[in-house]
Amino acid sequence: MLVIKNLHVSVFDTPILKGVDLEVNAGEVHAIMGPNGSGKSTLSNVIAGRDGYEVTEGSIEYMGSDVTELEADERACEGIFLAFQYPVEIPGVSNMAMLKAAINSKRKYHGEDEISAGDFLKLIREKADLVEMKQEFLKRSVNEGFSGGEKKRNEILQMAMLEPKLALLDETDSGLDIDALKVVSKGVNALRSPDRAMVLVTHYQRLLDYIVPDHVHVLANGRIVKSGDKSLALELEEKGYGWIDGLQKAG
Ligand SMILES: Nc1ncnc2c1ncn2[C@@H]1O[C@H](COP(=O)(O)OP(=O)(O)OP(=O)(O)O)[C@@H](O)[C@H]1O
């Protein structure tokens, strides 16, 4: 589903990613770990096509086509979903209105009719239940006055509504208490499917107790320096990053 080859990315002419290779197949969950500032968020942002990142070398292939030149909204319509590390507030726009607009713009892109009011309500009720979100939150402005945990739940709701093929979740565990972490994990796990892949950026092994990844990668100094299965995350929790070849130099 996603094939990244020798990806080099700069921000304001500063090289951040320096030759990332990553292959993610449908049905898989990959966790990206690594020290602060190693380029994890940059990688998810650049896959989603966010502005401000310059691909200087290499390619990002998604569903068999190179998407390096596609705009972020086109990538979203093609099924790439990015949950932000710090979800934004959108005063004056209700959660429901935003989700309906997002679903309809995706449908329009694929030449489909708008979703009916009845179908939309049915869908949003079902998905809100999945993340244990109260109906009143759906009517409130997007993320306005939401607690950190509620914002994160809201992101999972957005993902559930948009049914992406490739979901990029950036530090989904930041600011979550244990109960919210479980709810979010439950939502994410419920969305695991043979035709959907997920890339999870996280610092914490704790999240991976609930969302068990198929593959774990360590990103350091702009490259993937080690890959393994879920046991790699446990090893990192125990030993930190210093023992990995190539990281001693990084300090
Ligand atoms: N828009 C930007 N402007 C300037 N520098 C940036 C920008 N985005 C990223 N960087 C730099 O790129 C490097 C990698 O940042 P990135 O956020 O991808 O790392 P990260 O691994 O996600 O870090 P953390 O674990 O701390 O969240 C950092 O040194 C950061 O300062």
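Owing to the predicted nature of the structure, the values given are computational and were not obtained by experimental measurement.

(A) The environment of Gly118, seen in detail. As for its position among the elements, Gly118 is in helix H4 (residues 117-130). Between the C-alpha atoms of Gly118 and Lys152, which are 34 residues apart in sequence, the distance is 26 Å.

(B) Looking closely at the site of the ligand. What surrounds the ligand is a group of 14 residues, the closest being Gly37, Lys40, Ser41, Thr42 and His203. A distance of 2.8 Å is found between an oxygen atom of the ligand and a backbone nitrogen or oxygen belonging to Gly37. Separating an oxygen atom of the ligand from a side-chain N or O atom of His203 is a distance of 2.8 Å. For the ligand, the protein covers 61% of the area, taking 630 Å² as the surface of the free molecule. No other element matches the 3 residues that helix H1 (residues 40-48) contributes to the shell around the ligand. In terms of residue class, the shell around the ligand is built from 4 nonpolar, 8 polar and 2 charged.

(C) Seen up close, the sheet that holds strand S10 (residues 197-201). Pairing is mixed in the open sheet, where 6 strands are placed in the order S6-S9-S10-S3-S11-S12. Since the sheet does not close on itself, it has two edges, and those belong to strand S6 (80-83) and strand S12 (223-228), each with one partner. Neighbour to neighbour, the strand axes of the sheet diverge by 20 degrees on average, direction disregarded. Here strand S3 (residues 29-33) pairs with strand S11 (residues 215-220) via 4 bridges, running parallel. By the bridge assignment for S11, Ile32 is matched with His217. Across the sheet, helix H6 (residues 148-162) is in contact with S6 and strand S9 (166-170); its angle to S6 comes to roughly 175 degrees. The sheet contacts of helix H9 (residues 230-239) involve S3, S11 and S12, and relative to S11 the element is tilted by about 45 degrees.

(D) A look at a negative patch on the surface. A surface patch of negative charge is lined by Glu23, Glu61, Asp66 and Glu69. Relative to the helices and strands, Glu61 is located in strand S4 (residues 54-62).

(E) Examining the nonpolar core more closely. Phe120, Leu157, Met159, Met161, Leu169 and Val188 are the most contacted members of the largest nonpolar core, which has 44 residues in total. When near neighbours in sequence (up to four residues on either side) are disregarded, Met159 contacts Phe81, Pro164, Ala167, Leu169, Val188 and Leu191. Core analysis: the next-biggest nonpolar cluster, separate from the first, contains 25 residues, Ile4, Val24, Ile60 and Val67 among them.

Parameters at a glance
- Residues numbered from 1 in each chain as written.
- Predicted model: local features only at pLDDT ≥ 70, side-chain atom pairs only at ≥ 80, totals over all residues.
- Heavy atoms only, no water.
- Helix = DSSP H or I, 4+ residues; strand = E, 2+ residues; numbered from the N terminus.
- Near = heavy atom within 4 Å.
- Polar contact = N/O pair within 3.5 Å; in protein donor to acceptor, adjacent residues only side chain to side chain.
- Areas by Shrake-Rupley, 256 points an atom, 1.4 Å probe, with all protein chains shown as cover.
- Nonpolar A, V, L, I, M, F, W, Y, C, P; charged D, E, K, R; others polar.
- Pairing = 2+ DSSP bridges.
- Axes fitted to C-alpha atoms, helices over the stretch in contact; angles between N-to-C directions.
- Contact = heavy atoms within 4.5 Å.
- Patch = residues over 30% accessible without salt bridge, like charges linked within 9 Å, V, L, I, M, F, W, Y side chains within 5 Å.
- Salt bridge = Lys/Arg side-chain N within 4 Å of Asp/Glu carboxyl O.
- Lys, Arg positive; Asp, Glu negative; His and termini not counted.
- Charge placed at Lys NZ, Arg CZ, Asp CG, Glu CD.
- Core = buried A, V, L, I, M, F, W, Y, C linked by side-chain atoms within 4.5 Å.
- Buried < 20%, exposed > 50% of the residue type's maximum accessible area, 1.4 Å probe, protein only.

These values are about where atoms sit, not about what they do.
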